[in-house]
Amino acid sequence: MTGVPGAGKTLAGLNIVHNRTLWEGGRPPGVFLSGNAPLVRIISAAIARDFAQRVRGGRAERTTNTFIQNVHTFARYALDKPDSPVTEHVVVFDEAQRAWNAAQNSKKTGQSASEPELILSIMDRHPDWAVLVALVGGGQEIHDGEAGLAEWGRALHTKFQHWQIAVSPKALSGDTSVAGQRLFGNNVSTSLAIQQEQALHLDVNLRAFRAQRISEWVEAVLSGNAESAAEILEDACGFPMACTRSLVTARKWLYENTRGMRRCGLVASSGAARLRPDGLELSSGFRRGNRDLYLHWFLNPPPDIRSSNQLEVAASEFECQGLELDWVGVCWSGDFTFDPQKGNFSYHNFSGSGWREDKKPTDRQYLLNTYRVLLSRAREGLIIWVPPGDPLDQTRLPETFEATADYLKRCGLAEI
């Protein structure tokens, strides 16, 4: 299943697992898997909190754990019993393009096969039937070792040709909704049983219900096409967007627009090492040091100071991927800045005491995907804060950020 960002792929997967009409003998038909640990924890906690209002004791958390699991935990458990099929006949794999390739899986688990091949082999143990539903987002790979859509095609083509494949046409053609990726590339075996199903592509952005074209705007911005982005934004007038050079102004804009029980929050790249002078810490030690930090950030209502609405802590792409807020402030960083001479973005990572250019194509793609994730988290409105910089700090030179701010304004954003 493919779909534009915010189209409801994760919701569709959860509905499959939670649909009681499919249950037999009081058990759910399958399990929802994700390699995104923050997503698993937050969704599980949200369901458990809701369930706990009706059920006493620890049963709520135990029940949600049967619905939603970390894919790596699921695989390890199944590998411990190589001669037995798993209990579940249905597996829903969220963000399936982020599954580990063979090298990463070998590094993490000692298994020589890629994660797509491994999960298919586990479900292949069933003597009667099994279903694997792969939910695929476009350009969402943000970490080293993520295999991409094509690895699923390779595994099916080389090891599992007896499986029947129902597929979104977009996954075969390399549509923009999957960032040009293709399931089989140019090597589609005629022996594979492939059935295209248009219903397996979700083309309506439910997350940003006031502006269906925001995902197109994001793609135009990231590709360096300011003119196209500005034209698209004219059609998305029902979706408030702006840019600012002041973090105070960004917070004020978010506060004023977030009404009632709506949620707002700040997001930034995990590589935004030099937002620290502005009071935003994105180091992995900070983000992982408090296990429940982002659980409270996403779920606790204001005026809880741990809530995202407090606008004190920024979530990185790893914490916010697959989730969303109503109003979002994107905090731009020096890792991804616009170069007016090249007419496109420059890619950097922070090492030691300065920025270093990213030269590996895979690292550049991960960084591009990071900003795609950050720019597509808002349901109702978005503001982008580009720092003013500091002429006395070589890691935050004003001219670097000035060029980025000017580019975003050419993309149709009004500066406030």
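Owing to the predicted nature of the structure, the values given are computational and were not obtained by experimental measurement.

Asks: Describe the sheet that holds strand S13 (residues 336-339), with residues and values.
Replies: If you walk across this open sheet you meet the three strands as S13-S14-S15, and the pairing is antiparallel. At either margin of the open sheet sits one strand with a lone partner, and together these are S13 and strand S15 (354-357). Mean inter-strand twist for the sheet, computed between neighbouring axes without regard to direction, equals 45°. Packed on one face of the sheet, helix H15 (residues 361-374) meets S13, strand S14 (344-351) and S15 and runs near 105° to S14.

Asks: Explain unusual backbone geometry residue by residue, including any values.
Replies: Residue Pro303 is reached from Pro302 by a cis peptide bond, and omega for that bond is 15°. The phi dihedral of Leu311 is positive, around 60°, even though this residue is not glycine. Tracing the chain through its elements places Leu311 in the loop between helix H13 (293-299) and strand S11 (314-315).

Asks: Could you give an account of the pairing of strand S2 (residues 30-34), with specific residues and numbers?
Replies: In terms of burial, S2 is largely enclosed, as five of its five residues are buried. Sheet analysis places S2 next to strand S4 (residues 90-94), joined by five bridges and oriented parallel. Pairing of Val31 across the sheet is with Val91, part of S4.

Asks: Give me the state of the cysteines: which residues, what numbers.
Replies: By the definition in use, this model includes zero disulfides. Residue Cys243 stays outside any disulfide, its sulfur separated by 9.7 Å from that of Cys411, the closest cysteine.

Asks: Kindly report on the environment of Ser353, identifying the contributing residues and their values.
Replies: Secondary-structure assignment places Ser353 in the loop between S14 and S15. Among the residues examined, Ser353 registers a relative accessible area of 63% and is labelled exposed. Linking Ser353 and Gln394, residues 41 residues apart in sequence, is a C-alpha distance of 9.5 Å.

Asks: Describe the packing of aromatic side chains, listing the residues and the values that go with them.
Replies: Counted under the stated rule, the structure contains 14 aromatic pairs. The rings of Trp332, Phe336, Phe338, Phe345, Tyr347, Tyr371 and Tyr407 are connected pair by pair, giving a single aromatic cluster.

Asks: So, the sheet that holds S2: which residues are in play, and what are the values?
Replies: Spatial ordering of the open sheet is given by S3-S2-S4-S5, a layout of four strands whose pairing is parallel. A strand with exactly one partner marks an edge of an open sheet, and here the two such strands are strand S3 (68-70) and strand S5 (131-134). Pairwise comparison of adjacent strand axes, ignoring direction, gives a mean angle of 25° for this sheet. Along the sheet face, helix H2 (residues 37-52) touches S2, S3 and S4 and points at about 155° away from the line of S3.

Asks: So what about the packing of helix H6 (residues 115-123) against helix H7 (residues 149-159)? Which residues, and what values?
Replies: Two elements in contact, H6 and H7, have axes whose closest approach is 8 Å; the angle formed by their N-to-C orientations is 50°. Judged on the interaxial angle alone, H7 and H6 are oblique. Here H6 and H7 pass one another in a crossing that is right-handed. Of the residues in H7, those in contact with Pro116, Glu117 and Leu120 of H6 are Glu151, Trp152, Arg154, Ala155, Leu156 and Lys159.

How each quantity is defined
Residues numbered from 1 in each chain as written. Predicted model: local features only at pLDDT ≥ 70, side-chain atom pairs only at ≥ 80, totals over all residues. Heavy atoms only, no water. Pairing = 2+ DSSP bridges. Helix = DSSP H or I, 4+ residues; strand = E, 2+ residues; numbered from the N terminus. Axes fitted to C-alpha atoms, helices over the stretch in contact; angles between N-to-C directions. Contact = heavy atoms within 4.5 Å. Buried < 20%, exposed > 50% of the residue type's maximum accessible area, 1.4 Å probe, protein only. Disulfide = S-S within 2.5 Å. Phe/Tyr/Trp six-rings, centres within 6.5 Å; stacked < 30°, edge-to-face > 60°. Parallel < 35°, antiparallel > 145°, perpendicular 65-115°, else oblique. Left-handed = near helix turned anticlockwise from the far one by under 90°.

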